[in-house]
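# Architecture and fold: a report
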Amino acid sequence: MEEFYKALDEVVSCVVNSKEYQNCLQIKKKMNDNQELMSLISQIKVLQKKYIRNYHNQKIEKELEEKKELLQKFPIYVVYLQNLEIVNEKIEYVKDSLNDYFYQLFNE
């Protein structure tokens, strides 16, 4: 079992030490310093909650889409999302590989 945890730590380390993950951390710090960006993100979160609570209200949906379009005009946010997508793909790949491994292990 110790070997398993060691191998798992190596996999996690590969993701955590990846260029994209490190970029996400650095960009996130920079984004936190941008009050306009953080305010817009907060507004979007509030609108998303309202949208769900109000059974998909069209007016709220329109306002939410407008705010999301504004958010896409922040280059730092776009770069953050691009890096985050790559990190999520790596995590998904690991998850799928583990699922396949255990499926084969228990179904043969």
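On a predicted model such as this, the values are computed, not experimentally measured, just so you know.

Turning next to the overall build of the protein chain. Secondary structure assignment for the protein chain yields 5 helices and 0 strands. Going from N to C terminus, the protein chain has its helices and strands arranged as α-α-α-α-α. Taking 108 residues into account, the globule formula puts the C-alpha radius of gyration at 13 Å, and the protein chain, at 19 Å, lies well above it. Referenced to the eigenvectors of the C-alpha coordinate spread, the extents of the protein chain come out at roughly 55 × 35 × 20 Å. Looking at the protein chain alone, contacts between residues at least 24 apart form 66% of all its contacts between residues at least 6 apart.

Attention shifts here to the packing of helix α1 (residues 2-16) against helix α5 (residues 75-106). Remark: α1 packs on α5, axes separated minimally by 10 Å, with the N-to-C direction vectors making an angle of 155°. Considering the angle they form, α1 stands roughly antiparallel to α5. Relative to α5, α1 is oriented so that their crossing is right-handed. Taken together, the residues of α5 that come into contact with α1 (itself represented by Phe 4, Val 11 and Val 15) are Val 87, Lys 90, Ile 91, Val 94 and Phe 102. Residues that form the contact of α1 with α5 fall into these classes: 7 nonpolar, no polar and 1 charged.

When the charged atoms of two side chains with opposite charge come close together, those side chains can pair. Evaluated as defined, the whole model comprises 3 salt bridges. A salt bridge links Glu 92 to Lys 95, with the shortest nitrogen-to-oxygen separation between them at 3.2 Å. A residue pair is termed a helical-turn pair when its members lie 3 or 4 positions apart in one helix, as Glu 92 and Lys 95 do in helix α5 at 3 residues. Residue Glu 92 is classed as partly exposed on the basis of its relative accessible area of 36%. Its relative accessible area of 43% is what places Lys 95 among the partly exposed residues.

The subject of this paragraph is the confidence of the model for the protein chain. Chain-level statistics for the protein chain give a pLDDT mean of 93 and a share of 100% at 70 or above. Within the protein chain, no element has a lower average pLDDT than α1, which sits at 88, and none a higher one than helix α2 (residues 19-32), at 97.

What follows covers the nonpolar core. Formed by 17 residues in total, the largest nonpolar core has its most connected members in Met 31, Leu 37, Leu 71 and Tyr 77. Of all the secondary-structure elements, those providing two or more residues to this core are α2, α3 (35-53), α4 (58-71) and α5. Tallying contributions element by element places α3 first for this core, with 6 residues. Leaving out residues up to four positions away in the same chain, Leu 37 has contacts with Met 31, Leu 71, Phe 74, Ile 76 and Tyr 77.

A separate point is a positive patch on the surface. Judged by side-chain charge, Lys 28, Lys 45, Lys 49, Lys 50, Arg 53 and Lys 59 come together as a positively charged surface patch. Among the elements that line the positive patch, the one with the most residues is α3, at 4 residues.

Right, let's get into the packing of α3 against α4. The geometry of α3 relative to α4 is characterised by a closest axis approach of 10 Å and an angle of 155° between their N-to-C directions. Judged on the interaxial angle alone, α4 and α3 are roughly antiparallel. In the crossing of α3 with α4, the sense of the turn from one axis to the other is left-handed. Where α3 approaches α4, its residues Leu 37, Leu 40, Ile 41, Gln 43, Ile 44, Leu 47, Gln 48, Lys 50 and Tyr 51 are matched on the opposing element by Ile 60, Glu 61, Glu 63, Leu 64, Lys 67, Lys 68, Leu 70 and Leu 71.

What counts, and where the lines are drawn
- Residues numbered from 1 in each chain as written.
- Predicted model: local features only at pLDDT ≥ 70, side-chain atom pairs only at ≥ 80, totals over all residues.
- Heavy atoms only, no water.
- Helix = DSSP H or I, 4+ residues; strand = E, 2+ residues; numbered from the N terminus.
- Rg over C-alpha atoms; globule rule 2.2 N^0.38 Å.
- Contact = heavy atoms within 4.5 Å.
- Axes fitted to C-alpha atoms, helices over the stretch in contact; angles between N-to-C directions.
- Parallel < 35°, antiparallel > 145°, perpendicular 65-115°, else oblique.
- Left-handed = near helix turned anticlockwise from the far one by under 90°.
- Nonpolar A, V, L, I, M, F, W, Y, C, P; charged D, E, K, R; others polar.
- Salt bridge = Lys/Arg side-chain N within 4 Å of Asp/Glu carboxyl O.
- Buried < 20%, exposed > 50% of the residue type's maximum accessible area, 1.4 Å probe, protein only.
- pLDDT = per-residue confidence, 0-100.
- Core = buried A, V, L, I, M, F, W, Y, C linked by side-chain atoms within 4.5 Å.
- Patch = residues over 30% accessible without salt bridge, like charges linked within 9 Å, V, L, I, M, F, W, Y side chains within 5 Å.
- Areas by Shrake-Rupley, 256 points an atom, 1.4 Å probe, with all protein chains shown as cover.
- Lys, Arg positive; Asp, Glu negative; His and termini not counted.
- Charge placed at Lys NZ, Arg CZ, Asp CG, Glu CD.

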